[in-house]
Amino acid sequence: MRQAGRYLPEYRAIRAQAKGFLDLCYDPAMAAEVTLQPVRRYGLDAAILFSDILVVPHAMGLAVTFEEERGPVVQRVRSTQDVERLEPAAAAGRLEPVLGTVTRVRAALAPDVTLIGFAGAPWTVATYMVEGGTSRDFAATRRWAFGDPEGFGRLIAAIETATIEYLVAQVTAGADVVQLFDSWAGVLADDAFERWCVAPTARIVAAVKARTDVPVIGFPRGAGVLIERYAAATGVDAVGLDTTVPLAWARDVLQPKVAVQGNLDPLLLVTGGAAMEQRARAILDALGHGPFVFNLGHGVVPETPPDHVARLVACVREWRP
Ligand code: 1CP
């Protein structure tokens, strides 16, 4: 999950030096520095590349900006003609600066600290391209997917092409693991989930695994009981659990198939104290006996007191099976 960002004063200091958020993502020296900040401060076991899932649409030729109050704004893709204009084959090459960040971070990290690369999964990236940014209901994307699955499928295929090349390039540059964020997987019913989440993810995982030997983590946020199908059919090695996944279910149904990571609510990290520590221990007691990575169920929020993160790390380190 996101572990860098505005809750850290050292991030805000670097952010103030960059013009826009994308300028920060495309400056390997600054992006490497903010990637390393949480690892340095807390002694974490893994770093996650500082970038964003929306660099892929940007590298495919769309205008993308991040606005302080509104969040991301993406040039809309609404028709098959719009899809034809995308440049998926050129995307990984245009993301050279991000690959430069990967190389720098890998060189700076201790050998036993893992570097996680990532990309957005096609469905989630497509929602930003179709809606033009964040959405509450993804109505335009769902209408296109339901009404013209062939045309929408071409958009998904274009994102897939770019994503495969980009993830392989991240591994070549030094990423030890890659993660696919399907943050909006939870809005799809079972048949649509199969077609727009499971199938594209399975194709990306197969292609990445044919060309590299790194583990792949998938994060189908909000998918509920469909996560079982996702774990069985996509070929991912591990599944990220959002905050709502029941621990006993994850232990009994998912852990026999895949490693799991998650699922502490990031708002408990804002709350801190006994509530945070109690839940962290409940997660460890339930999942810590199988293949497991302690993590949050979503990214760290800007209101998080940095000291609470330090306390959480200590709490995890103190835990014994
Ligand atoms: O300056 C800032 O603090 C801007 C906030 C921010 C940050 C820190 C954005 C804008 N992106 C990021 C970095 C980022 N994004 C990382 C780097 C790792 C790290 O910070 O340690 C990662 C892995 C992401 C992934 C990402 N971006 C996702 C998938 C994960 C998730 O949170 O669900 C998504 C959906 C985005 C889109 C995005 N980027 C930023 C915003 C405000 C949004 C929109 C979120 C939404 O639609 O609600």
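Residues numbered from 1 in each chain as written. Predicted model: local features only at pLDDT ≥ 70, side-chain atom pairs only at ≥ 80, totals over all residues. Heavy atoms only, no water.

**A word on the packing of helix H9 (residues 139-147) against helix H10 (residues 149-173)**
Working step 1: Relative to each other, H9 and H10 sit at 120°, their axes nearing to 5 Å. Contact with H9, carried on its side by Thr141, Trp144, Ala145, Phe146 and Gly147, involves Pro149, Gly151, Phe152 and Leu155 of H10 and no other residues of that element.
Working step 2: Looking at the contact of H9 with H10 residue by residue, the class counts come to 6 nonpolar, 3 polar and no charged. (Axes fitted to C-alpha atoms, helices over the stretch in contact; angles between N-to-C directions. Helix = DSSP H or I, 4+ residues; strand = E, 2+ residues; numbered from the N terminus. Contact = heavy atoms within 4.5 Å. Nonpolar A, V, L, I, M, F, W, Y, C, P; charged D, E, K, R; others polar.)

**A short note on the sheet that holds strand S6 (residues 216-220)**
Working step 1: Taking strand neighbours across the sheet as the criterion, the 7 strands line up as S1-S4-S5-S6-S7-S8-S9 in an open arrangement whose pairing is parallel. Both outer strands of the open sheet, strand S1 (46-48) and strand S9 (292-296), are each paired with one neighbouring strand and no more. For this sheet, the mean inter-axis angle between neighbouring strands, taken without regard to orientation, is 25°.
Working step 2: Pairing of S6 with strand S7 (residues 238-240), which is carried by 2 bridges, proceeds in the parallel orientation. Note on S7: the bridge partner recorded for glycine 218 is valine 239. (Pairing = 2+ DSSP bridges.)

**Points about the packing of aromatic side chains**
Working step 1: Counted according to the given criterion, the structure contains 11 aromatic pairs.
Working step 2: Feature note: the residues Tyr11, Phe21, Phe50 and Phe66 constitute an aromatic cluster, connected by ring pairs.
Working step 3: Over the face of the ring belonging to tryptophan 184 we find arginine 221, whose NZ or CZ atom lies 4.8 Å from the ring centre. (Phe/Tyr/Trp six-rings, centres within 6.5 Å; stacked < 30°, edge-to-face > 60°. Lys NZ or Arg CZ within 6 Å of the ring centre and 35° of its normal.)

**Considerations on H10**
Working step 1: The end-to-end C-alpha distance of H10 is 35 Å, a good match for the 36 Å that 25 residues give at a rise of 1.5 Å each.
Working step 2: Taken from the residues just after H10, glycine 174 is the one with a positive phi, measuring 130°. (Expected span 1.5 Å × (residues − 1).)

**Focus on the environment of alanine 63**
Working step 1: Along the chain, the position of alanine 63 falls in the loop between helix H4 (55-59) and strand S2 (64-67).
Working step 2: Filtering out sequence-adjacent residues up to four positions away, alanine 63 remains in contact with Val73, Val74 and Gln75.

**Quick notes on the site of the ligand**
Working step 1: The environment of the ligand is made up of 22 residues, and the closest members are Asp52, Tyr128, Thr134, Ser183 and His298.
Working step 2: Within the side chain of threonine 134, a nitrogen or oxygen atom sits 2.7 Å from an oxygen atom of the ligand.
Working step 3: Between the ligand and serine 183, the relevant distance is 2.5 Å, taken from an oxygen atom to a side-chain nitrogen or oxygen of the residue.
Working step 4: When the free accessible area of the ligand is taken as 870 Å², the share hidden by the protein chains comes to 87%.
Working step 5: Residue classes in the shell around the ligand are distributed as 13 nonpolar, 5 polar and 4 charged. (Near = heavy atom within 4 Å. Polar contact = N/O pair within 3.5 Å; in protein donor to acceptor, adjacent residues only side chain to side chain. Areas by Shrake-Rupley, 256 points an atom, 1.4 Å probe, with all protein chains shown as cover.)

**Some remarks on the pairing of strand S4 (residues 114-120)**
Working step 1: Within S4, 6 of the 7 residues are buried, which leaves it mostly tucked inside the rest of the structure.
Working step 2: Looking at chain direction, S1 and S4 are connected through 3 bridges and run parallel. Note on S4: the bridge partner recorded for alanine 47 is leucine 115.
Working step 3: With 5 bridges joining them, S4 and strand S5 (residues 177-182) adopt parallel strand pairing. Residue pairing for S5: glycine 120 is matched across the bridge by phenylalanine 181. (Buried < 20%, exposed > 50% of the residue type's maximum accessible area, 1.4 Å probe, protein only.)

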